[in-house]
Every structure is written in C-alpha cells, then in structure tokens.
Amino acid sequence: MRITKCLPPAFFLAVLLLVLGEVGARLFFAKSVSGRFEYGYSLNAGFDECPDGTVKLIRAGGRRFHPQSFKKHRPPGTFRVFVIGDSVPRGPSFKGGYPWLLGQELRERDIQAESVNMALPGYGAQRCQVVLRKALEFEPSLIILHVNDSNKYEDEREYRRSQEFKSWHPRNWPMKVFIFRRLYEAKMEKVFWRLVPEQVRLKFAVNDPDAQVAASEDANEVKARMKVARETTAASVALAQAHHVPLLLVTQCRLLTDGTRSFHFEDHGLDDLGRSLTGQGVYHLSMKEVFSPLPHARSYFSDSGHLKRSGHLLLAQAIIGKIRQAHQRLGLTAFNIELQSKSY
Amino acid sequence: MSFITWQYLLFLPLVLVLYWQLPGRGRLVLLLVASYFFYACWDVRFLALVLATTIIDYLCALSIDGKKMGTVWVLLLALLPGVWLSGCSLFLPASGINWLIVAAAVAMGLAFFAGHEVIWHLAPEKRRRAYLILSIGFCLSILGFFKYFGFFLDSAHNLLTFMGLQPNRVLLQIILPVGISFYTFQSLGYVIDVYRGQSPACASLLTFATYDAFFPQMVSGPIERGRHLIPQLERTQVFSPDYLQDGICLILVGFFKKVFVADNCAILANYAFAPGTPLNGYWAVLGVMAFAFQIYGDFSGYTDIARGSAKLLGIDLAENFRFPYFSRNPSEFWGRWHISLSTWFRDYLYIPLGGNRGAKWETIRNLGVTMLLAGLWHGANWVFVLWGAYHGVLLILYRVAPALRFLGDEKSSSLGRGILAVALMWILTLAGWAIFRSANVHQLGLWLAALGHWQAGISLPWASSALWLLIHIAPLLLLQILTWKYRDETSLGHLPWPARGLIYTLMLLLIVSSTEHDTEFIYFQF
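Definitions and limits used
Residues numbered from 1 in each chain as written. Chains lettered and ligands numbered in written order. Predicted model: local features only at pLDDT ≥ 70, side-chain atom pairs only at ≥ 80, totals over all residues. Helix = DSSP H or I, 4+ residues; strand = E, 2+ residues; numbered from the N terminus. Rg over C-alpha atoms; globule rule 2.2 N^0.38 Å. Buried ≥ 20, exposed ≤ 12 C-beta atoms within 10 Å, placed from the backbone. Contact = placed C-beta atoms within 7 Å. Axes fitted to C-alpha atoms, helices over the stretch in contact; angles between N-to-C directions. Left-handed = near helix turned anticlockwise from the far one by under 90°. Nonpolar A, V, L, I, M, F, W, Y, C, P; charged D, E, K, R; others polar. Core = buried A, V, L, I, M, F, W, Y, C linked by C-beta atoms within 7 Å. Pairing = 2+ DSSP bridges.

Trainee: I would appreciate a short explanation of the overall build of chain B in the present structure.
Mentor: Within chain B, the regular secondary structure consists of 19 helices and 0 strands. The globule rule puts the C-alpha radius of gyration for 526 residues at 24 Å, and the 24 Å found for chain B is close to it. Seen through its principal axes, chain B has C-alpha atoms that stretch 70 × 70 × 50 Å. The buried share of chain B, taken over its 526 residues, is 46%. Long-range pairs, those at least 24 residues apart, make up 73% of the contacts in chain B between residues at least 6 apart in sequence.

Below you can see the structure in the form of structure tokens.
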C-alpha cells in the first residue's frame, strides 16, 4: 500500500512545514548556519570573507562575534590588533569592552590602529586556539590572547558535540535538523536559564552548563582545567611565534569576597603561566597586578570575573603601557604620547 | 528499553515492518521475541520471572478450564525459569546469578509441578479453586518477595526497636524488577476471569505468553484483560491506514506529555521535594503542582505511546486516563485516573469483598481495604499506604456523607457548581500528591509545615518558576480543552486537517525543544 494513502493530509502538512522551515533556514540563512554543528571548532565560522577583500565578523555557526569588518590584508601603516578570548574581553557591550577602548586609546595617541574584538562568550583555551589560527591569516600586528581557565568544561562539551554530530549515531539525528537545534538552544538560553533559578538548576545539574558551574567549585576540576589551559595556551604561543606575530597574554584573575567588605584576587596560577611563556615576541600582563593595588578595585568588577566599562578602560590603558614598553619591537616607531591620567 | 530512547524509535519501525510482512502465526512469534528482547534490554535475568508468571498462570488457567497438559510438558515448563537463570549464570558471568539462585528457581519449579500434579486428582470444583489459589499464591509470592520483602523486614525491625527490643538487622538487597506489578496483576486477572468463566482459557502458550509480555504495555500498563487483548492477538489483522494515523497521533501526544510537560515540570518538583530544600508556602504549592503535572504527563504520556505502538500493530489497548484533573469528586477521579488499575481493584478485590451491596460499615471497610492495597501496590513505602488511605477516606466520605455531595456529580448541570467542584477536587488531589511524592512521613511533615510560612525570604523567589510551570502546562490544557468534548484525551480527528497539521508541527517543535532533560518514566518503579 502506498504511504501517501496511509498518511492523512495533516501529517503531510506537518512534515511539509518542517521541511520548508529547514530548507528555508538553510537557504536564506546559509551563512548563519555554516559551521553551526562544529560548535566553535570550525575554522571559518563567523568569518565572512567578501570578494572585495573585506572580512566581516558575523554571528554564525554559534559564534557570537560583535559585528565588525576589516580588510583581509592589513593596510600599510596600520597597527592591527586582534583580541581573542571569552566573555571578559568581549565586554559588557561592543564599545564597553577593552578591545574597542584600546583602539580608541591608540588612535588618541596618533597611531593608525584598528583593534578587532574576536572574543566569544564561553570560549576556553581550545576554541580560542581555533580562532587564533584563523586570525593569523589576516596579518595582525599584535594578538592579545586573554587567558582564562573557566571555560574548559564548555570547550570539552562543545568538542564532544562536534564529534557526535559527525557520527552516524541515531541519537544525533533530530538535533542535526537546524531548526530543531536552534529552537532547543533558544529555549535553553532565553527561557530555561532566565526563569528557573540557578539553585534549582544546580541542585540537579539539569544540563551541561549547570554541571559546569557546579563543577567549577571542585578543587580537582580547577586543577584539571588549569592543566588544559596551560598546555593549550603554550601551544597557541608556539603557533603565534611560528607565524612571527607578537602575542600579548592577558591573564585573568577572579575577585573573591567573603561576604563582607574584604576581598582578594585569585589567579589560579595563570599569572605564573603567563610569566613562564614570556619570551621572543611574547608579552604578559596580569589582571591581578593591574587591579590589586587599587583601593577600590572591587568597583571595577561586575561579578567575580567580568569587568565594568571602567575596568575595561583601566585594562586598555594597562595594555597601552605594555605596548609602549615594547613599541619598537612591535614596529611602532613613534609612540610619543605619555599615559594620560583619567578618572575612572 | 524505554519508549523515549532512540533505540525504541528504531526498534518499533523494525518490528512493524516485519510484523506486517509475516503471516498470522509468525506475527505472534515475532511479537513474543520482540517483547522478550524489549524486556531483556533492562535486565535479562528477570525474564525468568516473566517466564515463571506466564507458565504458572497458563498452566493453572488451562487446568481450571479442565484441560491438562501432559506431565512431562508441565515438568519441562516448570523448570524453564531455572534453565533460563542457569543460562544467564553460564553465559553472563557478571549477572550475579549463582548456583543458589538457580537451585531456588529449580526448587520452586519442582514445587509448582508437584502442586499442579496433586491438585489435578482433586474433585473438579475443589480442583478449580485449588488451581486458582496455586496461581495466586505463586504469583503474589514472587511479587511479595521482590517488591515488599525488604519493606516488611525493615518495618518489623523498626517496630521491634520502637518497642524497646534490639533485633538483629537483616539486610537483603533485592532489585525491583521493572514492571513486575503490572504483568503480575494482568496475569492474575486473566486466571481469575477463567475461574469465573468470564473468559476461556487460552489454549496456545504462544498467544498467552505474548499477551503476558506484550511489549507496548508490559512494564507500565495499561493492565489488560485477557478477554480484551487475547482475541486481538489471535485474530489475523489486516493492515489499515487508520492504524498508522491513529498510532502516530497517539505516540506524538505521548511524547509531548512526557518530554515537554512531565520532564520540564520535574525540574521544579524535584527541587521542592529534595531533602534539605528550604520551602515556604509558595514553593510547597508550586512543587506539588509541578509534581501533579509531572506524574500525569509522565504516566499518561507513557500510556499514549503504549497505545500508539499497539495501534500500529492493529491492536487496541485500554484507555487509562480520561481528563483526571477535571474530576468533580473522588469517585469520578478514580474513574479517570489509571483506569485499568482502578477497575482491576474494583473487579477483583472491591466487588468480591462485597462492594457496596452490604451494610454501610461493610462498604466503608471494603473501600478502605481496597484503597490501602491500591496504595501499597504503588510501592513498598508507608507514604504510598498513606496515600491510599487518604484516597480511601475521600471516597468513604463522599459515599457515606451526603452533605459532601456538594462536590458535584457527573449529572450536575450547573457550570458554576461544576467549576467549583473541579477546583475543590483539584486541591484534594494536590494534597494527595504531596503525600505520594514525599520520600517519607518526615518530609511530608516538612511540606505541611511550609504551608504555614509564606514569608518570601525563606525560599527562592517563586514567580519566575511559576511562569516556567505555566509555559509547560498551558499547551497541555489547551490540548485537553480541544479534546474534552470527545471524551478522549488524544482525539484530534474532529479538527479540520490544516489545524491538525499545525498542532502536530507545534507539538513536535515543543518536544524537540526539551530533549535534553530525558528522565525515566515514574511508573517503571511500580
């Protein structure tokens, strides 16, 4: 018996609507879909290389770049900085993050600079390395790699997903449908995380990000992710050195409070890591060293790790200081403007 | 193998394709093999219990009907569970089956064989009764041992300790076989029907074994009657497109209830009833409401998938839920909730006890005993007994106190009174679920205490979680409103096909938006 005789029109309509939705999404939003199921491990996702030589950073393949554009080949005389990292350098907004503020500060010092924010929320050392590989194709003058250790779990989860999606396994079939996957992710991020209190989610770690947060308190977990961050960052440094691109490692610190007015900074050993990797063309800036001497350091942080705009500005100026120290080695022959005092 | 796994979504189409290609007898063989495989995916060892129940009830029912199998065949069949276990011990060393367990199974088989042979020589009427007792005795012994032995041992220990004695604690780790209460009750119901002459004994072991282990309903019901399912299995089905349409629709609705409604409500219910959770009145109410929809979505969703799977094979399974949360009184609730179990208790316990035919106190006694045992059926825990007792009290009050009839009966025509009755019954049902969901009596006490504290600071803010709950129950309520008029929770056939198409699409999208919270069906543990 023919299947068309067995199934009523309602089923056909349902199937048709879903097929149309999927085909439409893949046709009309092809760029957004590309690299979607590689979960950050796609080299090209989010980089739209136009025929006119412009590279556009777009939200695609799960990469939520701030929309920006630059020329594939660095214009002569331009000091090009790419900032790679996680939600910390990405900033509270595009113009509130230190990559943008750094560009502003450089331009105020008469340097023809373009500073591109390539930071992505939730990206750990492994996926940052994938972004670094792509960024090296665009002739940077300096790459700032913001080193954090808190996204190892997410890196691993996304790597696992990217591998699973390559497999034939039937459990992946529904989620290979773009509209299904997108709906699932949208519900998770826009509804579940917003409506269900964190304590409820963490109690049972009902999904991977919650399990990540729960695991972040575990000492062994902290140790394990430090090891991965260390090894992967060392490999990223070697990669930049192989391409003769200067690299500035900005190491993250966390602000810890005991519930009262007192607080201290914890770097999980990232500062030691940054110092140990310093060498030919590799520089290091410690966030802990930037903020801990300040009497009201706490006021620069919006939570334990993320900065307010004032904090980003302070960090941008500290980076300027580092660039100033190494300006000749970075090819900046004229770096003649002293740091200005600013009120934060 | 659970319905909500990818394995089942491959298993079912494979069975369907083969089923409709095979001739009549071959279909039964396929269904039996598929059913045993389905069950063995959980635990291959416990197939011995399924075999034991099947063999005991098949032979007893046959003998009750005056047909006896040859002695050698009876002996061989009685030894089959022991043979299965020895096979497990030989080929699956990690199964933990040792010679002691095999010897116990063989001894039990021999005891049954001896009993069966001795009884045959009794006078016909005594013989019929003796076979019934043999069947009930063996099946309830198996159920009692695996489900309640540890519970009664523990309770006896606690009682003796309470009385100031110091008994030695005997610890016995017994794994609860999945679905044991369901298939035992189904099988027992069949034997009682044969004894009463309401159903003929099934002559074919193949048909009866398939009836006993039919994979769509084996582990969580509906508890089928032999006279309803066996004739369908014996009949050579001719494929009809209606099977496909109805089956897919039922499965889709089932997945929607389980994956979208139940699993998302479970997040809040699990938090509210977790040990150590600080509760105020808002969270106590929110938690129990979430559980009410979790257990309904979970169990009725399972039933819909079971009915849908069977429908694809051309077999109708009994309806198990009919808008239970729209009930207007306790009696109506039990006519709408887990219908196959409540009718089982009605037909095989309540009515034989005398039902409502005797004096008022006898009716009260019969209702009380029936509901206590119905509560205990759900699990070896005092909260289930308490839950049964609670519903028993509600039923008794409703029956014996005419003043309480204001709750409304089905004939009541006033809309306002009907809504009030539904609301009151809903609150009473929620109180019952609080008993059911509590891990123990102490936790139930904490839940009740929380109802006295409505300060915001005690617990988490509740409003956003309430919105989460509403998001997940609103589509379910909408579906129920659409189908209410047709007295079938899954009946969408009356809608125009474009509307149905949109509903199917929407349901599918809602299902896939919730796929990562997969949890097991609650009723598997019963």
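Trainee: Where do I start with the packing of helix α10 (residues 241-272) of chain B against helix α19 (residues 497-512) of chain B in this structure?
Mentor: Residue and element names in this part refer to chain B. Axis separation between α10 and α19 bottoms out at 9 Å; the angle between their running directions is 35 degrees. α10 and α19 meet at a crossing whose hand is left-handed. Here Leu252, Phe255, Phe256, Val259 and Phe260 of α10 come into contact with α19, specifically with Tyr504, Met507, Leu508, Leu510 and Ile511. The class makeup of the residues in the contact of α10 with α19 is 10 nonpolar, no polar and no charged.

Trainee: Which parts of the structure should I look at to understand the interface of chain A and chain B?
Mentor: Accessible area lost during the coming together of the parts is what is often quoted as the interface size. Taken together, the 29 residues of chain A in the interface contact 32 residues of chain B. Taken together, the elements giving at least two residues each to the side of chain A that touches chain B come down to α1 (3-6), α2 (9-28), α9 (178-195) and α10 (198-204) of chain A. It is α2(A) that provides the largest number of residues to the side of chain A that touches chain B, a total of 7 residues. Each residue belonging to the side of chain A that touches chain B can be placed in one class, and the counts come to 23 nonpolar, 2 polar and 4 charged.

Trainee: Would you mind going over the nonpolar core with me for this structure?
Mentor: Note on soluble globular proteins: their nonpolar side chains tend to be buried together. Counting residues in hydrophobic clusters, the biggest one holds 83 residues, and the most contacted among them are Phe256(B), Cys265(B), Leu268(B), Ala272(B), Leu286(B) and Ala290(B). With near-sequence residues (within four places) excluded, Ala272(B) lies in contact with Thr277(B), Leu279(B), Trp283(B), Ala284(B), Leu286(B), Gly287(B) and Ala290(B).

Trainee: Any chance you could explain the sheet that holds strand β4 (residues 79-84) of chain A here in plain terms?
Mentor: All names here are of chain A. One open sheet holds the 5 strands; their spatial order is β5-β4-β6-β7-β10, and the pairing between them is parallel. In this open sheet, the two strands that pair with only one neighbour each are β5 (113-117) and β10 (282-286). In this sheet, adjacent strand axes meet at a mean angle of 20 degrees when their direction is disregarded. Relative to β10, strand β7 (residues 247-251) runs parallel, the two sharing 5 bridges. Paired with Thr251 across the two strands is Ser286, which belongs to β10. Along the sheet, helix α6 (residues 125-135) makes contact with β4 and β6 (142-147), crossing β4 at roughly 160 degrees. In the packing of helix α15 (residues 309-325) onto the sheet, contacts are made with β6, β7 and β10, and the angle to β10 comes to roughly 145 degrees.

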